[in-house]
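Structural characterization, general
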Amino acid sequence: MASSLVVHSHRALLSALVGNLVGNAVKYTPHGSVLLGVRRRAQHAVITVADTGIGMDPAQAERMFGAFQQADPRNDGLGLGLWIVQRTAETLGAPVQVRSLPGRGSCLTVSVPLAGT
């Protein structure tokens, strides 16, 4: 069943945030799947990006929000994706939550206020 949710946010910043979440999920999921979903929870749209990639332990997940951190240093990139996600989410007032297990994948959620709330 399809529904439409309208959020109160900055279009470019929200696009950068979701783009970095999806980009990281794809980058660290060499085999398996990446799922992007949005659902309504109270007065928020909860954006979820879940993958079956390499995953992280809790300490590693906490460090990944720092600049120049990579889950796998053999990969290309500067290690700024989740740092950008965190800073952008803070700017938007949209909290980010992480659930992850090594070898099982990660699930990151961002809660964005609905328009009119």
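Because the structure is a prediction, the values reported are computed rather than measured.

A separate point is the environment of leucine 21. Here leucine 21 lies in helix H1 (residues 11–27). Leucine 21 sits 27 residues away from threonine 48 along the chain, and the two C-alpha atoms are 9.0 Å apart. Apart from residues no more than four positions distant in its own chain, leucine 21 is found in contact with Val49, Leu82, Val85, Leu108 and Val110.

With a phi close to 55°, alanine 42 is a non-glycine residue in the positive phi region. For alanine 42, the position within the fold is in the loop between strand E1 (34–41) and strand E2 (44–51). What makes alanine 42 exposed here is its relative accessible area of 61%.

If you trace the backbone, serine 106 turns up in strand E4 (residues 105–113). Looking at serine 106, the relative accessible area reads 9%, which means it is buried. Within the local environment of serine 106, its side chain forms a polar contact with the side chain of serine 100, the two groups lying 2.7 Å apart. Once residues lying within four places of it in the same chain are set aside, the contact partners of serine 106 are Val49, Ala50, Asp51, Gly55, Met56, Arg99 and Ser100.

This next bit is on the pattern of salt bridges. One pass over the full model with this rule turns up one salt bridge. Here arginine 87 ties to glutamate 90 by a salt bridge, and the two come within 3.7 Å at their closest N and O atoms. Of this pair, arginine 87 and glutamate 90 both sit in helix H3 (residues 81–92), three residues apart, roughly one helical turn.

Calculation rules
Residues numbered from 1 in each chain as written. Predicted model: local features only at pLDDT ≥ 70, side-chain atom pairs only at ≥ 80, totals over all residues. Heavy atoms only, no water. Helix = DSSP H or I, 4+ residues; strand = E, 2+ residues; numbered from the N terminus. Contact = heavy atoms within 4.5 Å. Buried < 20%, exposed > 50% of the residue type's maximum accessible area, 1.4 Å probe, protein only. Polar contact = N/O pair within 3.5 Å; in protein donor to acceptor, adjacent residues only side chain to side chain. Salt bridge = Lys/Arg side-chain N within 4 Å of Asp/Glu carboxyl O.

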